Amino acid sequence: MKRWLPFEWIAALRFLAEGRLQTGFILVGIAIGVGVIVFMSALLVGLQANFVRRVLTSQPHIQLLPPEAVARSLRTEPGVIEAATVQRPTQRVLSVDQWQMIRTEVAARPDVAVVAPTATGSALAVRGDASRSIGMSGVEPATYFSIVRVPDFIVAGEPRLDSDDILVGTELAKDLGAAVGDKISVGAAAGGRRILTIRGIFDMGNKGVNERTTFVALRTAQSLLNLIGGVTTIDVTVRDIYAAETIAQDIGRIAPVEAASWIGTNAQFFTAVRAQQLSNTLIRLFVGLSVAFGIAAVLVVSVIQRSKEIGILRAMGTRRGQILRIFLLQGAVLGFLGSLVGSSLGAGALLAWHAYARLPDGTEFFPISFDPALFVIATLVATLTGVAAAAAPALRAANMDPVEAIRG
Amino acid sequence: MADVLALERICKSYNVGTPVETEVLHGIDLTMRAGDFVAIMGPSGSGKSTLLNIVGLLDRPTSGRLAIAGVDATDLPDAEITRLRGHAIGFVFQYHHLISAFTALENVMMPMLVDRGRATAAMEQRAADLLALVGLSRWKDNKATAMSGGQQQRVAIARALAMNPALVLADEPTGNLDTASAEAAFALMRRINREQATSFLLVTHNLELARRCDRIVEVVDGRIAAPAP
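Residues numbered from 1 in each chain as written. Chains lettered and ligands numbered in written order. Predicted model: local features only at pLDDT ≥ 70, side-chain atom pairs only at ≥ 80, totals over all residues.

## Re the overall build of chain A
Check the secondary structure of chain A and you find 15 helices and ten strands. The C-alpha atoms of chain A give 33 Å as radius of gyration, which overshoots the globular expectation for 408 residues (22 Å, by more than 25%). Based on the C-alpha atoms only, the size of chain A along its principal axes is roughly 100 × 65 × 40 Å. When burial is assessed residue by residue, chain A has 39% of its 408 residues classed as buried. Contacts in chain A between residues at least 24 apart in sequence constitute 80% of all its contacts with a sequence separation of at least 6. (Helix = DSSP H or I, 4+ residues; strand = E, 2+ residues; numbered from the N terminus. Rg over C-alpha atoms; globule rule 2.2 N^0.38 Å. Buried ≥ 20, exposed ≤ 12 C-beta atoms within 10 Å, placed from the backbone. Contact = placed C-beta atoms within 7 Å.)

Here is the structure:
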């Protein structure tokens, strides 16, 4: 008998060891439950982080645009009847009104990470007898590249933007037969035309984007789009991506702009992320509950089997609190040991997933998160669940009348 | 010397306050002095077990006063009752009731372990001495399930003595044993009684054993029938 162990621990461990078969089965049950929770959590966290990363590294979280132009009736006095059809006005390329002030205000918010003004419009890129229509984004590299990580996608040249530089996609470079250092002529619909040097070529992994998207310096775009001193959008990233919609509404209220968050513009995607989180939580909850009831069931049976022994322990002076602790400890030990085995099972399954679930080219589907905190939390929660599940059987044991218990 | 047991007009009713209220003990007076070896006899249903449970502080009387080892237990709170029970009373039951997850030695240590919370070398020594006293030193590392009924009962007697109690209560300690084992268990208790002056209160149906006690208390219909000589 271990001298350093308190009586309650000795009794709890002996009782568990004696009921070897019961203990073994429930441990397997807990281990499978914890393993499933650990595996699913890591998988879904990885999947979700990957989705979010893919969507949000190529677009701002919030875009601030000039308000849409709306047709207003000229007269509103009574007795004047408006024409039956009101034609929608064309949306000209307009600058965001007072954009410098808006930028300063938005950048001052603690929940906003980066604010980048851009001037965007369409243009025609010409080299020799090849011409392609392009979307031209005039950006400030310092801020914009921390929203859309263009430098990460550069395959040739460098992500530098001086006033005569342009970054083009691989497809456009191929169509124009151009390489880094070559010059192309870019003409905007508004009338401006300039000769720009290809400084870098990027591959964003999407053919359409690689064909049409180009980046130039903000001033270059302003002069080409005939938008001197103006910007067409202000791109914003926020610290908590799930708060983007609230922040967008907030900004929309205080500034004369239309604020669109990624949640609004990617509603379906956002719903999918949320649904996944919810189903993950539900699955974990129910697996946890079934594990808890399993522990409770095993301990209830143990209390009934040991009622005579509990009675004799009470007769020899064991206090109710000691009996209570003996059974709570059994729950805790079951939860703890089960979660240790379960965490190993989960980790094994994750490693197997990592090794076998690969795309045809050998790269993994998405990086799984192998966070030690997950295992620590799983173990803690399982242990606490064990204690909670043991509460009812332990109370039953502690409140047993020794006379009844001994008589059986 | 203080009495180890003093019962004064002990009554016990079940289902108090309901139409089926039944009184099973009707004013029991009983006194035991240190070193007494007393047998309680009586037909089934006479209230012997209820009396033993009250004396053992496992049950409370409905009325009357009760003192164990000089301590008035009548109005003690539950926690104090539990403590007094652990310190002053040892139990031997008909069906041994050893705790099967523990060895013979550990079972004997159990009351001391419960009281003090952790095992000590002194506890182990005392348990080993007690096992030697009941002649089971060789079996000290056996689990309860690996011993005969007679051996288990002797372990239970050793366990009852662990806290050096003033009074040992034995509920038909030989009722489940063959004649030889029963004789051995009884002789052991008598010897401990003589050598260590521990008081014993036995419930038994065995008249032959009862006659070898100092005194026989006969309980009939919840009353003490005939004061023994």
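## Quick notes on the sheet that holds strand 7 (residues 167–171) of chain B
All names here are of chain B. Pairing within the open sheet is mixed, and its six strands lie in the order 6-7-8-3-9-10. Edge positions in the sheet fall to strand 6 (89–92) and strand 10 (223–224), since each has one partner strand and no second. In terms of strand pairing, strand 3 (residues 37–41) meets strand 8 (residues 199–203) through four bridges, oriented parallel. Residue F37 lies in a different strand from strand 8, and its bridge partner there is F200. (Pairing = 2+ DSSP bridges.)

## A closer look at the packing of helix 2 (residues 20–56) of chain A against helix 13 (residues 320–356) of chain A
All names here are of chain A. Relative to each other, helix 2 and helix 13 sit at 45°, their axes nearing to 6 Å. Taken together, helix 2 and helix 13 sit at an angle that is classed as oblique. Here helix 2 runs over helix 13; the crossing is right-handed. Considered class by class, the residues forming the contact of helix 2 with helix 13 number 17 nonpolar, eight polar and no charged. (Axes fitted to C-alpha atoms, helices over the stretch in contact; angles between N-to-C directions. Parallel < 35°, antiparallel > 145°, perpendicular 65-115°, else oblique. Left-handed = near helix turned anticlockwise from the far one by under 90°. Nonpolar A, V, L, I, M, F, W, Y, C, P; charged D, E, K, R; others polar.)

## Regarding the environment of G187(A)
All names here are of chain A. Along the chain, G187 falls in strand 6 (residues 183–188). Assessed through the 15 C-beta atoms surrounding it within 10 Å, G187 is described here as partly exposed. As a C-alpha pair, G187 and V126 span 61 residues in sequence and 8.1 Å in three-dimensional space. Excluding its chain neighbours within four sequence positions, the residues that come into contact with G187 are A123, L124, V126 and R193.

## Some details on the sheet that holds strand 4 (residues 63–68) of chain B
As summarised here, the arrangement of the four strands in space is 2-1-4-5 (chain B), forming an open sheet in which the pairing is antiparallel. On the outer flanks of this sheet lie strand 2 (22–33) and strand 5 (71–72) of chain B, each paired with one strand and no other.

## Some remarks on the interface of chain B and chain A
Reports of interface size often rely on the accessible area that becomes lost once the parts have come together. Listed as interface residues are 27 residues of chain B and, on the opposing side, 20 residues of chain A. Every element with two or more residues in the side of chain B that touches chain A is listed here: helix 2 (78–88) and helix 3 (104–116) of chain B. Of the residues belonging to the side of chain B that touches chain A, the class tally is twelve nonpolar, nine polar and six charged.

## Topic: the domain arrangement of chain A
Split by domain assignment, chain A resolves into domain 1 (7–54 + 270–407) and domain 2 (99–256). Just the C-alpha atoms count here: the centres of domain 1 of chain A and domain 2 of chain A sit 53 Å apart. (Domains from an automatic or database assignment.)

## Remarks on the nonpolar core
If you look at the biggest cluster of nonpolar residues, it comprises 128 residues, and the most contacted ones within it are I295(A), I40(B), V108(B), M109(B) and L167(B). Membership of the second largest hydrophobic core comes to 56 residues, among which are I62(A), V115(A), L218(A) and I247(A). (Core = buried A, V, L, I, M, F, W, Y, C linked by C-beta atoms within 7 Å.)

## Looking at the pairing of strand 9 (residues 233–238) of chain A
Residue and element names in this part refer to chain A. Taken across its six residues, strand 9 has six buried, putting it largely inside the fold. Burial along strand 9 is two-sided: T233, D235 and T237 and I234, V236 and V238, pointing in opposite directions, are all buried. Pairing geometry for strand 1 (residues 62–65) and strand 9, over three bridges, is antiparallel. Counterpart to I62 in the pairing with strand 9 is V236.

## Observations concerning helix 12 (residues 307–315) of chain A
Burial of helix 12 of chain A is extensive: seven of the nine residues sit out of reach of the surface. All of the buried residues along helix 12 of chain A are E309(A), I310(A), G311(A), I312(A), L313(A), R314(A) and A315(A). Packed against the buried residues of helix 12 of chain A are helix 13, helix 14 (372–398) and helix 15 (402–407) of chain A together with helix 2, strand 6 and helix 3 of chain B. Of the residues trailing helix 12 of chain A, G317(A) is marked for its positive phi of about 100°.

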